[in-house]
Amino acid sequence: MAIESLPAFTKPARQRWESIPAHIRQRLLSNVWCGCCRHEVTITNFSGAIKGRDLLLVGKCAECRGDVARVIEGG
């Protein structure tokens, strides 16, 4: 999934995500822990929402298709 097409983001989450430089966003997407695979994977088919002060990305592991999540802490 291209970073530019994120249909399942809430408006505040999209604003936070787009405020992150593109090369950092790519690194965040490719550095997600999968509990099933037991190593870092790429998150796919993800959505985003703000939870408290953090940006939460929820999606699927690119390898096993299991559920994964990434928290990007807010300032």
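Notes on the structure in this doc start here. (Residues numbered from 1 in each chain as written. Predicted model: local features only at pLDDT ≥ 70, side-chain atom pairs only at ≥ 80, totals over all residues. Heavy atoms only, no water.)

## Here we look at the nonpolar core
The nonpolar side chains of a soluble globular protein tend to be buried with one another. Judged by nonpolar contacts, the single largest core of 16 residues is most densely connected at W17, I43, L57 and I72. Sorting the residues of this core by element identifies α1 (11-18), α2 (22-29), β1 (32-34), β3 (43-51), β4 (54-61) and β5 (67-72) as the ones contributing at least two each. Among the elements that line this core, the one with the most residues is β4, at three residues. (Core = buried A, V, L, I, M, F, W, Y, C linked by side-chain atoms within 4.5 Å. Buried < 20%, exposed > 50% of the residue type's maximum accessible area, 1.4 Å probe, protein only. Helix = DSSP H or I, 4+ residues; strand = E, 2+ residues; numbered from the N terminus.)

## Thoughts on the packing of aromatic side chains
Scanning all chains against the criterion turns up three aromatic pairs. Each ring, one from W17 and one from F46, has its centre 6.3 Å from the other, and the planes form 65°; the classification is edge-to-face. Placement of W17 in helix α1 and of F46 in strand β3 is noted, with a sequence separation of 29 residues between them. Like W17, the residue F46 is buried in the burial classification. Among the aromatic side chains, those forming a connected cluster through ring pairs are F9, W17 and F46. (Phe/Tyr/Trp six-rings, centres within 6.5 Å; stacked < 30°, edge-to-face > 60°.)

## Remarks on the pairing of β3
Across seven bridges, the pairing between β3 and β4 is antiparallel. Paired with S47 across the strands is V58, a residue of β4. Taken together, β3 and the strand that follows it, β4, pair antiparallel across an intervening segment of two residues, in which G52 is found at a positive phi of about 65°. (Pairing = 2+ DSSP bridges.)

## Thoughts on α2
Buried residues of α2: R25, L28 and L29, and no others. For α2, the angular spread of buried residues about the axis comes to 95°, placing them on one side. For α2, the exposed residues set more than 90 degrees away from the buried face come down to H23 and R27. Where α2 is buried, its residues meet α1, β1, β2 (39-41), β3, β4 and β5. (Arc of directions from axis to C-beta. Contact = heavy atoms within 4.5 Å.)

## Digging into the pattern of salt bridges
Tallied over the full model, the rule gives two salt bridges. Among the salt bridges present, the one from E18 reaches R14, with a minimum N-O distance of 4.0 Å. With E18 and R14 both in helix α1 and four residues apart, the pair spans about one turn of that helix. Residue classification places R14 among the partly exposed residues on the basis of a relative accessible area of 25%. Taking the shortest distance from any N to any O, the salt bridge between K60 and D67 comes out at 2.4 Å. (Salt bridge = Lys/Arg side-chain N within 4 Å of Asp/Glu carboxyl O.)

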